[in-house]
Amino acid sequence: VAWALYDLANTFFAVAMLSFYFPLWVVEDRGAKELWYSIALALSMACVALLMPFAGALSDAMGERMRFLRWTTYGCIGATFLIAFTNHVPTALILFGVANICYQLGTVFYDALLWRISRPESLGRTSGIGASFGYLGSALGLLMLWPFVRAGGHQAAFAPSAALFLLFALPSFMMIRDPK
């Protein structure tokens, strides 16, 4: 359950920053061209493509997943939280790029944990539970962030999404340990 809660947790970032509120804030609220969001997303994904094999190999060599998962999660949360307090689109796009790199890299370590927290005969069931928690997180993200958006606009979703990501990730940080 702690592992699956991380899947729920990271969907708060996906809902607020990748799917809905951040792109709308950039284009509709700040008047920037859609192209700028697309460039920031593309550049961050290019960085992820370059870093992911190295991150996975380093994690395998060190036998540590949780330390790297924590670092990438805190990086994503921190950058997302800072976006809530800027109105400068270029700064927000750079922070978004950092947050997305951390978010995407975190999936390397999260996915690798499946083999540590599940027995071979229950890998599919455990993975399915994680996926279902992710879908639940999408619904919760929409429901829980909407009151902030309604009261304060698209940008009002950023800090709560970072806080909710942290809140729901904490059980995995406290309960899952790398073997010695």
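Above this text is the structure in question.
Computed from a prediction, not measured in an experiment: that's the story for all the values here. (Residues numbered from 1 in each chain as written. Predicted model: local features only at pLDDT ≥ 70, side-chain atom pairs only at ≥ 80, totals over all residues. Heavy atoms only, no water.)

Attention now moves to the layout of surface pockets. What the largest pocket holds in volume is close to 180 Å³. Along the walls of the largest pocket sit Trp36, Ile39, Ala40, Leu43, Ser44, Cys47, Pro90, Leu93, Ile94, Gly97, Val98 and Ile101, which together make up its complete lining. Put simply, the parts of the chain that give the lining of the largest pocket at least two residues each are helix H3 (34–62) and helix H5 (89–117). Split by residue class, the lining of the largest pocket holds ten nonpolar, two polar and no charged. Taken together, Val1, Ala2, Trp3, Ala4, Ile117, Thr126, Ile129, Met175 and Ile176 make up the lining of the second largest pocket. When residues of the lining of the second largest pocket are traced back to their parent elements, those giving at least two are helix H1 (2–19) and helix H6 (123–152). (1 Å grid on protein atoms, 1.4 Å probe; cavity = no way out; pocket = protein on both sides within 12 Å on 5 of 7 lines; lining within 4 Å. Points joined across faces, edges and corners; volume = space filled by probe spheres on them. Helix = DSSP H or I, 4+ residues; strand = E, 2+ residues; numbered from the N terminus. Nonpolar A, V, L, I, M, F, W, Y, C, P; charged D, E, K, R; others polar.)

The contact between helix H4 (residues 66–83) and H5 brings their axes to 8 Å, and the two run at 155 degrees. As far as their axial angle goes, H5 and H4 are roughly antiparallel. The handedness of the crossing between H4 and H5 is left-handed. Contacts from Met66, Phe68, Leu69, Thr72, Gly75, Cys76, Ala79, Thr80, Leu82 and Ile83 in H4 reach Ala92, Leu95, Phe96, Val98, Ala99, Cys102, Tyr103, Leu105, Gly106, Phe109, Tyr110 and Leu113 in H5. (Axes fitted to C-alpha atoms, helices over the stretch in contact; angles between N-to-C directions. Parallel < 35°, antiparallel > 145°, perpendicular 65-115°, else oblique. Left-handed = near helix turned anticlockwise from the far one by under 90°. Contact = heavy atoms within 4.5 Å.)

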